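What follows is the residue order along each chain.
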Amino acid sequence: MLNYAQYKKTDGAIFMDNERILLTPSSVFGTLRKELIDNIGIERVKGFLLRYGWNLGAYDAEKVLASNRFSSISEILRQGPIQHMEKGYTKVNTIRTDIEWDELNQKVKTVYVEGEWLNSYEAEEHLRQFGITHTPICYTLLGYASGYYSTICGHKVIFKEVACKGMGMSYCKYIGKSLHAWFGEADEEVKYYDNPTIVKELERTYEALLQERNNLSKATAISKRITQELVNGRDLQYICDVVYEIINIPMLIEDLQFRDYAYSGLSQQELITIQEDFKEWIQNQKINQGFLDYSTVTKIKANQHVRLLTPIRVQKKIFGYCSFIYKGEEESFADLDYMVLDRLSFIAALHLLNEKTSFEAMERMKGHFLEQVLNGQFTTKKEIFKRGRFINIDLELPFYLMILKYQYPEECLKKELVFHEEMLETTLQYFKQHDMNVIIGQRAGNNVLFVQPNNYNEGILPFCQQFVSYLSGKYIGALFQIGISSLGDDIEKASEYYKEALSALEMSNLQRKVVSFDELGILGMLIHAKDDQALIQRAKSVIGPLINNNGVKGPELVKTLYVFLQNGGNLERTMEELLISKTGLRYRIQKIESVLGVDLRDPDVSYHLRLTLQVLQLKGELKLD
């Protein structure tokens, strides 16, 4: 063992083992350490102290190797802690040392060491200067051990502190392993052993700032160019082509269902391949289309392409997505790509907002025109046709008038405000997807739809039933009913067709949500008879005895009769709807038959009574709610 305890003094110098040494209190080191941390920061100081400790450990290791006093690698490694203690750094308690020796090459293959540091001078000084810390801080001790073991073993050995007195613990605990045995867990530590001078750091910082400035300058130029194109009225396709010409990265602008608005740098076949690949990625991620709610630019790696994607937000809602498409295995992207994509999504949002505003203004104008037609504010058919051409609608074609009634239950009133805003857009999109011209107006709190079916051959009734089903699925909790007029061929009679739709709507209920006027048959003819008073008087005479009955309340008997007839004489369904027992229902039916003097099992009687009740209901003479 080297005898460090023997030393001698000469004029102004102290020598230990023939080397001049300096005796300095540990508090001075603590003060120096504090000054460094205060001036250049803990991260730079950590690297500085680790490298300082490494050099101390490597120096002592070289001296031990040069002495040729030890015959085994184990003995040589044991000298590190001994020398560490003799110099007053800390007391070392080695718990475990495992060495794997490579017999073929006669060198250390892997080393593992575990131990404790008691009374670490570095931890004590940090506590004195800064108090309790949240992370281990014995940097020179770690560096010394790493430098010593690495020099002896002939490969990099990294020590990490897993407990530290500076964190309020009673002692420090360390683990040292060959770098390859850490399996990546020490990669962050290794970076501190590099020797980046402050000058080099400043050079890298300057280069990064210069690159950032160049990126910002280029992104600003691109932004200015595409903003000007937007102001000039250019569409998204033109803007995509401009950006692709500048940065040469394929790009794609899509709607919520990932259908392309515009794209550039891709062939038609490449576009199809990429879209199919992306849909497969969405399915694998179990994400519903239209719900990629990313707030920033996001990297997505599908099977056949990589994309940077960012949402297009209009009025706080996602309207679509902008993506840059990469066909290779890119793991990182230039900062410029992120900056330009973000700006492109903003320009796309402005374009879509402008289109949305123009579209809504046009639809409001169409709706006002429909209201004028229904109110008979035009003097001639020619004037109506002329106004129709202004909004690109040929009013000489056949049409239907529909009334769409909707409501929310009371507990969903907050949703209703949002619902009203979205209904216009939802209805227009649905009819447009089915190649139908539609104008939407408002009357009596309901939406009035002027619909031209064009080449739609499936029938207007099943179409509207599918539409109501779609709305019910989209707006959970809302109730929808539709009344449909007969097919019209004279726009001047629009108000008559509106009345037909209104009559059909009156016949709808929760079980039968869509009713066509054509379905009403003779009832429809009766409803639109010229002499309303005579029709009402006749109907009242038929049902009057029941209304004026002095026994069970008349209104209850009338409602029981109505529900019973509406359910085709089915007792179970009638009981369920009226919430009464079978005995109670049978009693009421017998009472009805007794008062009216009829047999409800007679189909003609049932039909006649049902028709009478419907007439009174539609004419507002009978309330069954």
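Quick notes on the rules
Residues numbered from 1 in each chain as written. Predicted model: local features only at pLDDT ≥ 70, side-chain atom pairs only at ≥ 80, totals over all residues. Heavy atoms only, no water. Helix = DSSP H or I, 4+ residues; strand = E, 2+ residues; numbered from the N terminus. Contact = heavy atoms within 4.5 Å. Areas by Shrake-Rupley, 256 points an atom, 1.4 Å probe, with all protein chains shown as cover. Expected span 1.5 Å × (residues − 1). Buried < 20%, exposed > 50% of the residue type's maximum accessible area, 1.4 Å probe, protein only. Pairing = 2+ DSSP bridges. Axes fitted to C-alpha atoms, helices over the stretch in contact; angles between N-to-C directions. Salt bridge = Lys/Arg side-chain N within 4 Å of Asp/Glu carboxyl O. Patch = residues over 30% accessible without salt bridge, like charges linked within 9 Å, V, L, I, M, F, W, Y side chains within 5 Å. Lys, Arg positive; Asp, Glu negative; His and termini not counted. Charge placed at Lys NZ, Arg CZ, Asp CG, Glu CD. Parallel < 35°, antiparallel > 145°, perpendicular 65-115°, else oblique. Phe/Tyr/Trp six-rings, centres within 6.5 Å; stacked < 30°, edge-to-face > 60°. Lys NZ or Arg CZ within 6 Å of the ring centre and 35° of its normal. Left-handed = near helix turned anticlockwise from the far one by under 90°. Nonpolar A, V, L, I, M, F, W, Y, C, P; charged D, E, K, R; others polar. Core = buried A, V, L, I, M, F, W, Y, C linked by side-chain atoms within 4.5 Å.

Attention now moves to the overall build of the chain. A count of helices and strands for the chain gives 21 helices and 17 strands. Sequence-distant contacts, at least 24 apart, represent 61% of the contacts inside the chain between residues at least 6 apart. Total accessible area on the chain is roughly 34,500 Å²; 51% of this is exposed by carbon and sulfur atoms.

Moving on, we get to helix α2 (residues 42-67). Given a rise of 1.5 Å per residue, 26 residues ought to cover 38 Å, and the 37 Å separating the end C-alpha atoms of α2 matches this to within 8%. Where α2 terminates, the next one or two residues include Asn-68, which has phi positive at roughly 55°.

What follows covers helix α5 (residues 139-153). Taking 1.5 Å of rise per residue, 15 residues should cover 21 Å, and α5 covers 21 Å from first to last C-alpha, within 8% of that figure. When you tally the buried positions in α5, you get 14 out of 15 residues, the bulk of the element. Positioned one or two residues after α5, Gly-154 has a phi angle of 80°, which is positive.

Moving on, we come to the sheet that holds strand β7 (residues 172-178). Taken together, 4 strands build an open sheet; the order of strands is β4-β5-β7-β6 and the sheet is antiparallel. Each edge of the open sheet carries a strand with a single partner, namely β4 (91-102) and β6 (157-163). Going from strand to strand, the sheet's axes swing by 15° on average, the running direction of each strand aside. In terms of strand pairing, strand β5 (residues 107-118) meets β7 through 6 bridges, oriented antiparallel. Counterpart to Glu-114 in the pairing with β7 is Ile-175.

The final tally for this structure, using the stated rule, is 20 salt bridges. Where Arg-234 meets Glu-229, a salt bridge forms, and the shortest distance between an N and an O atom there is 3.5 Å. Look at Glu-229 and you get buried, because its relative accessible area is 10%.

A surface patch of like charges, here negative, comprises Asp-235, Asp-241, Glu-245 and Glu-355. Relative to the helices and strands, Asp-241 is located in helix α8 (residues 236-247).

It is at 10 Å that the axes of helix α19 (residues 571-578) and helix α20 (residues 582-596) come closest, and there the two elements cross at 105°. Put simply, α19 runs roughly perpendicular to α20. Residues Leu-571, Glu-572, Thr-574, Met-575 and Leu-578 of α19 form the contact with α20, whose participating residues are Lys-582, Leu-585, Arg-586 and Ile-589.

Further remarks concern the packing of aromatic side chains. Working definition: an aromatic ring pair is given by the centre-to-centre distance plus the angle between the planes. Scanning the model with the defined rule gives 21 aromatic pairs in all. Measuring from centroid to centroid gives 6.2 Å for Tyr-89 and Tyr-144, while their planes differ by 45°, and the two rings are tilted. Within this pair, whereas Tyr-89 is found in the loop between α3 (73-86) and β4, its partner Tyr-144 is found in helix α5, the two being separated by 55 residues in sequence. For Tyr-89, a relative accessible area of 18% translates into the label buried. Members of the aromatic cluster, each reached through a chain of ring pairs, are Phe-29, Tyr-89, Trp-117, Tyr-121, Tyr-144, Tyr-148, Tyr-149, Phe-159 and Tyr-174. Just above the ring of Tyr-238 sits the side chain of Arg-234; from NZ or CZ to the centre is 4.1 Å.

This paragraph deals with the sheet that holds strand β16 (residues 479-484). Note: strands within a sheet are paired through backbone hydrogen bonds, in either parallel or antiparallel orientation. Judged by pairing direction, the sheet is mixed, and its 5 strands sit side by side in the order β14-β15-β13-β16-β17 without closing on themselves. Each end of this open sheet is capped by a strand with a single partner; those strands are β14 (437-443) and β17 (514-516). Going from strand to strand, the sheet's axes swing by 20° on average, the running direction of each strand aside. Where strand β13 (residues 400-407) meets β16, 6 bridges bridge the pair, whose relative direction is antiparallel. What sits directly across from Gln-407, in β16, is Leu-479.

What follows concerns the pairing of β5. In terms of residue burial, β5 counts as a mostly covered element, since 9 of its 12 residues are buried. Where β4 meets β5, 11 bridges bridge the pair, whose relative direction is antiparallel. Following the sheet pairing, Asn-93 is matched in β5 by Glu-116. Connecting β4 to the antiparallel partner β5 that follows it, the hairpin turn spans 4 residues, and Gln-106 within it adopts a positive phi of roughly 55°.

Quick look at the environment of Leu-471 now. Relative to the assigned elements, Leu-471 resides in helix α13 (residues 460-474). When its relative accessible area of 0% is taken as the criterion, Leu-471 is described as buried. Note: C-alpha distance between Leu-471 and Met-423 (48 residues apart in sequence) is 9.1 Å. Not counting residues up to four positions away in its chain, the partners in contact with Leu-471 are Leu-404, Met-423, Thr-426 and Phe-480.

In this section: the side chain of Ser-485. Tracing the backbone through its elements, the reader meets Ser-485 in the loop between β16 and α14 (494-506). Non-local contacts of Ser-485, meaning those with residues more than four positions away in its chain, are made with Tyr-400, Leu-401, Tyr-497, Glu-500, Ala-501, Ser-516 and Phe-517.

This part takes up the packing of α2 against α5. In the contact formed by α2 and α5, the axes pass within 6 Å of each other and the chain directions differ by 40°. Relative to α5, the element α2 is oriented oblique. Read as a crossing pair, α2 and α5 show a hand that is right-handed. Within the contact of α2 with α5, the residues separate by chemical class into 15 nonpolar, 8 polar and 3 charged.

In this structure, Val-111, Trp-117, Cys-138, Tyr-148, Tyr-149 and Phe-159 are the most contacted members of the largest nonpolar core, which totals 42 residues. A per-element tally of this core places α5 first, with 9 residues. Filtering out sequence-adjacent residues up to four positions away, Tyr-148 remains in contact with Gly-57, Ala-58, Asp-60, Ala-61, Val-64, Ile-76, Leu-77, Gln-79, Gly-80 and Gln-83. Formed by 32 residues, the second largest nonpolar core is a distinct cluster that contains Met-251, Phe-319, Ile-347 and Ala-349.

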